[in-house]
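# Examining the three-dimensional arrangement
Next come the chains, spelled out residue by residue.
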Amino acid sequence: AAALELIQAHIRDVPDFPRPGVLFKDITPLLNHPQAFAAAVAGLVDPFRAGGVDHVVGLEARGFIFGAPAALALDAGFVPARKAGKLPADTLGQAYDLEYGTAVLEIHADAITPGSRVLVLDDVLATGGTGRAAVDLVRRAGGTVVGFSVLMELSALPGREKLSDVELHALLSV
Ligand code: 5GP
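Residues numbered from 1 in each chain as written. Predicted model: local features only at pLDDT ≥ 70, side-chain atom pairs only at ≥ 80, totals over all residues. Heavy atoms only, no water.

### Examining the packing of helix H3 (residues 34-49) against helix H4 (residues 62-73)
How we decide: In this description, a line fitted to the C-alpha atoms serves as the axis of each element, helices being fitted only across the stretch in contact, and the angle between N-to-C directions of two axes falls anywhere from 0 to 180 degrees. Starting at the N terminus, helices and strands are each numbered in turn, a helix being any DSSP run of H or I of at least four residues and a strand any DSSP run of E of at least two. Should an angle lie under 35 degrees it is considered roughly parallel, over 145 roughly antiparallel, and from 65 to 115 roughly perpendicular; all remaining angles are considered oblique. In this scheme the handedness of a crossing depends on how the near helix is turned from the far one: anticlockwise by less than a right angle means left-handed, clockwise means right-handed. Contact definition: two residues touch when any of their heavy atoms are within 4.5 Å. Charged means Asp, Glu, Lys or Arg here, nonpolar means Ala, Val, Leu, Ile, Met, Phe, Trp, Tyr, Cys or Pro, and polar covers whatever is left, Gly included.
One can describe the packing of H3 onto H4 by two numbers: an axis separation of 9 Å at closest approach and a directional angle of 55 degrees. With respect to H4, the axis of H3 lies oblique. Helix-helix and strand crossings are classified by hand; for H3 and H4 the assignment is right-handed. Of H4, the residues touching H3 (which contributes Phe37, Ala40, Val41, Leu44, Val45 and Arg49) are Ile65, Phe66, Pro69, Ala70 and Ala73. When its residues are assigned to classes, the contact of H3 with H4 shows 10 nonpolar, no polar and 1 charged.

### Considering helix H5 (residues 129-140)
Basically, it comes down to this: An expected span of 1.5 Å times one less than the residue number is assigned to each helix. Burial classes follow relative accessibility: with a 1.4 Å probe on protein chains only, a residue under 20% of its type's maximum area counts as buried, one over 50% as exposed, and anything between as partly exposed.
Between its first and last C-alpha atoms H5 spans 17 Å; for 12 residues at 1.5 Å apiece the expected length is 16 Å, and the two agree. Every buried residue of H5 is accounted for by Gly129, Gly131, Arg132, Ala133, Ala134, Val135, Leu137 and Val138. The positive-phi residue at the C-terminal boundary of H5 is glycine 142, with phi of around 95 degrees.

### Regarding the pattern of salt bridges
To keep it simple, the criterion reads: Put simply, a salt bridge is a Lys or Arg side-chain nitrogen that is within 4 Å of an Asp or Glu carboxyl oxygen.
For the structure shown, the criterion picks out 9 salt bridges. Linking arginine 132 and aspartate 136 is a salt bridge whose minimum nitrogen-to-oxygen distance equals 2.8 Å. You can see arginine 132 and its partner aspartate 136 sitting in helix H5, 4 residues apart, about one turn around the helix. Between aspartate 165 and arginine 139 there is a salt bridge, with the nearest N and O atoms lying 2.7 Å from each other. Of the two residues, aspartate 165 is situated in the loop between helix H6 (159-162) and strand S9 (168-173) and arginine 139 in helix H5; the sequence distance between them amounts to 26 residues. For aspartate 165, a relative accessible area of 41% corresponds to the partly exposed category.

### Considerations on the packing of aromatic side chains
Defined as follows: Aromatic rings from Phe, Tyr and Trp, taking only the six-membered ring of Trp, are treated as a pair when their centres fall within 6.5 Å; an angle between ring planes under 30 degrees marks them as stacked, one over 60 as edge-to-face, and anything in between as tilted.
What the rule picks out here adds up to 3 aromatic pairs. On the basis of an interplanar angle of 75 degrees and a centroid distance of 5.2 Å, the ring pair of phenylalanine 17 and phenylalanine 24 is categorised as edge-to-face. Arranged with centres 6.2 Å apart and planes meeting at 90 degrees, the rings of phenylalanine 64 and phenylalanine 78 form a pair that is edge-to-face. With a gap of 14 residues between them, phenylalanine 64 in helix H4 and phenylalanine 78 in strand S4 (residues 77-83) connect regions that are remote in the sequence. A residue is classified by how much of its surface remains accessible, and phenylalanine 64, at 22% relative accessible area, is partly exposed. A residue is classified by how much of its surface remains accessible, and phenylalanine 78, at 31% relative accessible area, is partly exposed.

Structure, rendered in structure tokens:
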């Protein structure tokens, strides 16, 4: 409980970002506080330690920041899932819906060892579109998704329903 309070105390609400009417959850104060940052990384990985994890897939861009220390903590490889066109070698891509239009998420085609255990990780679960695309990508690459771990789920949005076939772990629900 103390760890969760420390984490929560270092997430800042920013009204009207990136657009009027949106209350953005800003995690940069947490990154700048080493005890809160460490507590967040521990909270993201702890439920998945016992089962073993081979790869952590972090979602661009804030999922990279939490995913890299999470991978080291789990003795797992780190795999970046990026927006289309950023990864240099052969990729697998998955389209997903945005509020307006669609986007494509990519991983390197050789990044996930077939049969491996994969934890997908991000800072915030909102509509679930990004997480859904990442889970589908990992499965297409032959990996087993052991979980999707986020700092925060925005419970007014349907992210959890969109990921009903995945073990979803959210440290905070707001
Ligand atoms: P979704 O695809 O679930 O709608 O959106 C999740 C993605 O958008 C995540 O990669 C997350 O980083 C970002 N996102 C959406 N809303 C917020 C927010 O309020 N705060 C932060 N930090 N990220 C957000």
